[in-house]
Amino acid sequence: MRPVIGVLALQGDFQEHLTALARLGAQGREVRLPEDFEGLSGLIIPGGESTTIGRLIERFGLREPIVAFARSGRPIWGTCAGMIVLAREVDPDTRARTQHLLGLLDIVVRRNAFGPQIESFETELEIPAIGSEPVRAVFIRAPVVAEIGPAVEPLARLPDGTVVAVRQSNLIGTAFHPELTGDDRFHAWFCRLAGEHAP
Ligand code: GLN
């Protein structure tokens, strides 16, 4: 059976993830309610506004199902705001007054790390886990990973060494947006991880 990949569809660019999954022939599902987790093999938390997504996760009672999903070993991938929501901590200088975090990924993130002058930019990144060809990465009011715990592996860095993609076992975070480039290798890789958990 084809694995079903859930995309948290509370706010942000979930549609772009669903479109990328469809391009790959993968089966995507919008996730808004606890029952939407039934039968999923992987979950994507999209980019958007981390304070809003965090608030809506609480309001819709999704914290527990997401934490249980992570504990089950199935993969979860957060892009940009999604990575922030997965994180253990936000650098106090950049944390919103109300910033609900899932605390699953053992990282400290700095929000809007490139400042107002450079709100968004694109660059090529080496991501050996994905393939030998560099990946085009789009950063939009992006966070960076300021600290990583011992179980966290950096997957990509900017030329100055700043970590912008991480993996901790079944949890993945990227500061950038692979769903916006038309280069679907990151999604294909995630679908392969999820496929190992297909029912
Ligand atoms: N700056 C946003 C936040 O802190 C993230 C931006 C994005 O997801 N593109 O939530």
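Residues numbered from 1 in each chain as written. Predicted model: local features only at pLDDT ≥ 70, side-chain atom pairs only at ≥ 80, totals over all residues. Heavy atoms only, no water.

(A) Quick look at the side chain of Ser50. For Ser50, the position within the fold is in helix H2 (residues 50-59). At 3.5 Å, the side chain of Ser50 forms a polar contact with the side chain of Arg111. (Helix = DSSP H or I, 4+ residues; strand = E, 2+ residues; numbered from the N terminus. Polar contact = N/O pair within 3.5 Å; in protein donor to acceptor, adjacent residues only side chain to side chain.)

(B) Structural detail: helix H3 (residues 63-71). Taken together, the buried positions of H3 are Pro65, Ile66, Val67, Phe69 and Ala70. Tucked inside the fold, the buried residues of H3 contact strand S1 (4-8), strand S3 (40-45), H2, strand S4 (76-79) and strand S12 (171-174). Gly73 occupies a position one or two residues after H3 and carries a positive phi of about 90 degrees. (Buried < 20%, exposed > 50% of the residue type's maximum accessible area, 1.4 Å probe, protein only. Contact = heavy atoms within 4.5 Å.)

(C) Spotlight on the site of the ligand. Every residue lining the ligand is accounted for by Gly47, Gly48, Glu49, Ser50, Cys80, Ala81, Ile84, Arg111, Asn112, Ile140, Arg141 and His177. Residue Ser50 places a main-chain N or O atom 2.6 Å away from an oxygen atom belonging to the ligand. Alone, the ligand offers 300 Å² of accessible surface; in the complex the protein occludes 98% of this. According to the grid-proximity analysis, the pocket containing the ligand is the largest pocket. Residues that form the shell around the ligand fall into these classes: four nonpolar, five polar and three charged. (Near = heavy atom within 4 Å. Areas by Shrake-Rupley, 256 points an atom, 1.4 Å probe, with all protein chains shown as cover. 1 Å grid on protein atoms, 1.4 Å probe; cavity = no way out; pocket = protein on both sides within 12 Å on 5 of 7 lines; lining within 4 Å. Sits in = over half its atoms within 2 Å of the grid points. Nonpolar A, V, L, I, M, F, W, Y, C, P; charged D, E, K, R; others polar.)

(D) Representation of the pattern of salt bridges in the model. For the structure on display, the rule yields 11 salt bridges. Note that Arg32 and Glu30 form a salt bridge whose closest N and O atoms lie 2.7 Å from each other. Assessed through its relative accessible area of 35%, Arg32 is described here as partly exposed. For Arg141, the salt bridge identified is with Glu49, shortest N-O distance 3.7 Å. Placement of Arg141 in the loop between strand S8 (135-140) and strand S9 (144-148) and of Glu49 in the loop between S3 and H2 is noted, with a sequence separation of 92 residues between them. (Salt bridge = Lys/Arg side-chain N within 4 Å of Asp/Glu carboxyl O.)

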